[in-house]
Structure formats: structure tokens, C-alpha cells
Amino acid sequence: MAEEVKFESGIGSALDPRSPRVRTNREKLTALLAAWRAEEDTIRRGGGEAAAKAQHGKGRLTVRERLRLLLDEGAEFLELGLWAAHGMYAEYGGAPAAGVVTGLGRVSGRLCMIVANDATVKAGAFFPMTAKKVLRAQTIALENRIPVLYLVDSAGVFLPLQEDVFPDTDDFGRIFRNNAVMSSLGIPQITAIMGMCVAGGAYLPVMTDTVLMTEGSGLFLAGPSLVQAAIGQKTSAEELGGAAMHAEISGTVDFREPDDRHCLARMRSLVAKIGERAAAPFRRAQFDTAHDAPRFAAEDLYGLLNPEPGASNIYDMREVIARIVDRSEFDEYKAEFGRTVLCGYAWIGGHAVGIVANQKTNQSQTVATGPAAGAMRIEVGGVIYTEGAQKAARFIMDCNQNLIPLLFLHDVNGFMVGKDAEWSGIIRAGAKMVTAVSTSVVPKIAVIVGGSFGAGHYAMCGKAYDPRFLFAWPTARYAVMSGASAASTLAAVRARQMERGGKTLSEAEKSALYEEIRATYDAQADPRYGAARLWIDAIIDPAKTREVLIAALEACALNPDIARFNPGVLQT
């Protein structure tokens, strides 16, 4: 019998938590996290204390109180889209979290997608971002075959913005289309009507599989005032569309419950009885939380990056990988080739994954082609060169061939430019990588650790490339280019335009113009700006990255249907 050969795949760590740089970074990031957590607490309060009292006055619970009763005790709730509509709709008093709570949580042991209206925010009315947030939750449920639980308490479309809510393919009506499609695919959907459910919104519960309704709630296409205006008929809300009417006369609801608490208990009971379907074909290993934990503390990640905009962060991305993968083990693929892109295989919470990550330390590489062929060059960390793009494209295709989900860790400046890069075929290699990402059929999850700029964002599976989930650290920067680069270009263009118009700018005026443009660009590259527009599913605590990824991978493992991988025509 052949002797077993053991090999070492563990990642070491050179990150010294006591070094001045790491301590300074940690202090800055912990201060930033504290400020953001305070802001998140404010968002979670929705419309505020007075609105919560009004909700209680109607005999109803607030959305957060409902969630506490619905979710399993002690279970984590991965909230998605918390920052939605942040800084938007100020002229209407704002819309914290877009007036709806969405996320993944366990109900009776079952992983579910929760979509719950917050009636303390404009009576739960749908702003444009409200519709988009619900649609994003439905998309995640569709892609991963996750049961969906809707807690409805909404006045319907926010009428002053109806033109931006009503008509398009990513607007309000698409929600009901998705209800029908999910039902046709066998994805369970249960709705609890726990307040008002009016106009077009009345279709949502009725297009799901099971409908619950509490006493005192209302379900109608038009409320009493509109009915009287339209057809002259006078009727009370209860007679028109109350729980008793729909349970006894129209037969629209399946369960009539006296109040929120009984309704949520009934929903938990129903979820407990949902059957199990076939799981995805991805590899899952036995996993022990203590034995298979990473060998290095997750809190070390607080000291890795300087969170200030424009900070030059040079670090080894393996430090991140070592703190999120099981036992800090990583089978690195083509380790000596295309070194500014890291690729390799690992386990996360017992789930097999392929990792594509940007290496942020400078690397030496022998030039293969072009005018400098044969010479050694220094490759800038965070930049994708021809060799790195070729390696990543091949690795992504291998993961699809072997049914291994993909994790992308972003800190990318973009693709290399210049004569040497063009001669080496950077456009061709980049197209190959983008094609592999685009046609990939295994689940893709992206985490923006640092910068995610330009075409590099696309190649690393940005939002337009259908990641099942896209998360960001508070250190993330998300734009076409960095604020400094954009300001240098735009300030020069603006100055030339003004000078052609006869105005001569002093150095102080040029500097002020540069700082104005940079400030605007930096604000738009802030992850909160992207999260407000749902380009990012959640901004996460770096030390919680592993837990978030495990939850996401568990969700991805619910969908057994994997399309045939067909990458199409590749540039070779």
C-alpha cells in the first residue's frame, strides 16, 4: 500500500497587530464602525418613536417587533438593503431603509427570505427604492430557491413619485410577476396581511401560495373613499375588505388571525411543515465550528486597511483569505503566474469555494511578450495584467467545470494600460476574463474589500454580472475611478473650458476646483452611496465576513438547478 503523502496548504500571516500602522488603521476603522452603527440604529427606528406609538395604537406591532417573534430565537438575521434610500427623498422627509425590511433568517429552522413593510415610514408606502429593494429580495430568492415570507402593512404606491414606481421592468408591477414565477418554480411564498394592503399592492398576497390576515387589516383594490368617488357607493373598510369578509365571503384569505402575535405563530407553524427539495450539487464537507475555524483572529482585519478616502493600502490579500477560510487552508492555483490576481480553492463553513482575489502587494514578473519580452518588471498591486486575466479566466472556467461556487474579493484599480500592456494583448485577455465571469453558471458571491474601479469592477463580478450576493466593507470604494484620479482629469478639463471663455484661474482657484470635484467623487464612491441605490446588498463588519459568507453559501446551496456551462467564443 502506497504511503500517504501529506502537504501543507495552510496560509501563514505576517500581520502584526502591535505594529503602529495596524494599530492606527484599527483605531480609524473602529471609530468609523461605531459611527456607522449609530447611524444604522437610527435607520432601524424607521419613522421614529411617534410613528411607533401610532402603530401600537392600532393594536399592531412595529416591523422589528414582528421580526423578533417570527425568527427563531437566537438566530442571526442577515439584513439586506438596510442603507437603501439613504440620503434620498429628503424633500418628502426621507425613507429610512426604503420603508421595508428584507433579509435572510431562520424560521422554524428553515432559511427564509423575509420581506416586511415598515408602516412607520409613510404608512409603508412604496417609494421607487422600496420597489427595487423588494425586487432585489425576490431575485435573491429566485436564484437560490429560498422560501419567501411577506409581512404586508402598506398604503401602496407613494403617489407623488408614481411615475418612478409604477411602469418599468424594475418597478412595482414586476413584484407580482415575480410572485407568479416563483410559484411556478415551486418556491414557497407565504403572506401575512397585518395592516393595510391597498390598490395594486393587494395583488401581492393573493399571488402567493398562502395568505394570512389579522383582524383590523384591510385588503381591497380601492379604499372606501375611492370607491365612493368612483361609483358613489358608501361602505366601511371592514365591510369592503376586512379579515372577516375575506375569510367568510370572498374566500381570499386562508387563515384569519386575531392579532399580530397569533398570525406570526401561525406562519411559523406553516413554515415548519414545508417539505425539503433536492439540494445543489456543490461539495459540502463535515464541519465543526471550533476545529475548522481559521487559525487567525478575524478582528485582525480591522488593522489591515486605512479607511480614509484615497488612502494607499498595500497589503497581502492572503491575510484576508487566511481569516475567512476553514483552517486557513488555501490551495493556490498558478501561484507563480499572473501574481496580482490570486486564485485558489478553499472551504468556508464546509462549503467548497473557488476564490478570485486582487493581490495588493507589488509583484515581480518576467515579461512574456511585447517590446520588453524577457525582462523583469514590477507589477502594481491591485492592477490586472494580461497574465492575471488569463489565469483568472481559466480558473473561473475550471470552477464551472467542477461545480464549485466562486467568491470574488475586490480591491482592484483596473486593467493595466500602456504600450507594453497593449502589445501583450490586455484587451483580449480582459475580454476572456469578463466572458468567463459573464457566462459562469455556478453561484458567484462578491465582497468589495477596498477599491473596485472601472472595468476591473466588471471583471471581478460587479453588480452587472449577476453575483448572487454583493457585500462591501466600510473601506470599500466603488466608482469608475478613484476620487483623486477623476478630480485631476475633470479639474484640468474644467479649467481649460473656463480659460477658453476668457477667465484665467489662479493656482488657488485651480486647487479649489480640484478639491470640489474630488469631494463629490469621494462621496459617490462611499459604499453607503452604492448601498442606498442597492448596488451593494449589505455593508458588513470585516470581522463578520466569514459568518456572512457562510450564510450566503447556505442560501446558494438551496438551488439544485445548474445550467450547462457554455462560455461561447473566447478570445485566444
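Residues numbered from 1 in each chain as written. Predicted model: local features only at pLDDT ≥ 70, side-chain atom pairs only at ≥ 80, totals over all residues. Heavy atoms only, no water.

### Notes on the overall build of the chain
Here is the rule we go by: We count a stretch as a helix when DSSP gives it H or I for four or more residues in a row; a strand needs E for two or more, and each element gets its number in order from the N terminus. Computation of the radius of gyration draws on C-alpha atoms, with the globule rule given as 2.2 Å multiplied by the number of residues to the power 0.38. Each accessible area is a Shrake-Rupley estimate made with a 1.4 Å probe; only the visible protein chains count as cover when residues are assessed.
Secondary structure assignment for the chain yields 19 helices and 20 strands. The C-alpha atoms of the chain give a radius of gyration of 26 Å, which matches the 25 Å a tight globule of 572 residues would have. Taken over the C-alpha atoms alone, the chain extends approximately 85 × 85 × 50 Å along its principal axes. Of the roughly 25100 Å² of accessible surface on the chain, 53% is carried by carbon and sulfur atoms.

### Quick word on the side chain of Thr545
Under the convention used in this document: Residues are treated as being in contact if the distance between any of their heavy atoms lies within 4.5 Å.
Mapped onto the fold, Thr545 is located in helix α19 (residues 545-556). Once residues lying within four places of it in the same chain are set aside, the contact partners of Thr545 are Ile324, Trp473 and Ile540.

### A closer look at the state of the cysteines
Let me state the cut-off plainly: What counts as a disulfide here is a pair of cysteine sulfur atoms lying within 2.5 Å. Each residue is placed in one exposure class: buried if its accessible area under a 1.4 Å probe, protein chains only, is under 20% of its type's maximum, exposed if it is over 50%, and partly exposed if it falls in between.
Taken as a whole and assessed by the stated rule, the structure comprises zero disulfides. The cysteine Cys263 is free of any disulfide, with Cys197 supplying the nearest cysteine sulfur at 12 Å. For Cys263, a relative accessible area of 0% gives the class buried.

### Thoughts on the pattern of salt bridges
For clarity, the threshold we go by: Salt bridges are counted wherever a side-chain nitrogen of Lys or Arg sits within 4 Å of a carboxyl oxygen of Asp or Glu.
According to the stated counting rule, one finds 29 salt bridges in the structure shown. Put simply, Arg528 and Glu39 hold a salt bridge, and the shortest N to O gap is 3.3 Å. Taken together, the residues span a long stretch of sequence, with Arg528 in helix α18 (residues 527-532) and Glu39 in helix α1 (residues 20-44) at a distance of 489 residues. Notably, a salt bridge pairs Glu215 with Arg256, separated by 2.4 Å at the nearest N-O pair. Of this pair, Glu215 sits in the loop between β6 (210-214) and β7 (218-220) while Arg256 is found in strand β8 (residues 255-257), placing the two residues 41 residues apart along the sequence. With relative accessibility at 34%, the residue Glu215 sits in the partly exposed group. Taking the relative accessible area as the measure of exposure, Arg256 reaches 35% and is therefore partly exposed. Here the residues in one salt-bridge network are Asp41, Arg44, Arg64 and Glu79, joined through shared partners.

### Quick notes on the pairing of strand β2 (residues 100-107)
Note the threshold: Criterion used throughout: strands pair if DSSP finds at least two bridges between them.
Burial analysis of β2 places seven of its eight residues in the buried class, the great majority of the element. The pairing of strand β1 (residues 78-80) with β2 spans three bridges and is classified as antiparallel. If you follow Glu79 over to β2, its bridge partner there is Gly103. Examined bridge by bridge, β2 and strand β3 (residues 110-117) share eight bridges and lie antiparallel to one another. From the neighbouring strand, Val101 faces β3, where its bridge partner is Ala116. The turn joining β2 and β3, which pair antiparallel and follow one another in sequence, is formed by two residues; a positive phi near 50 degrees is taken by Ser108.

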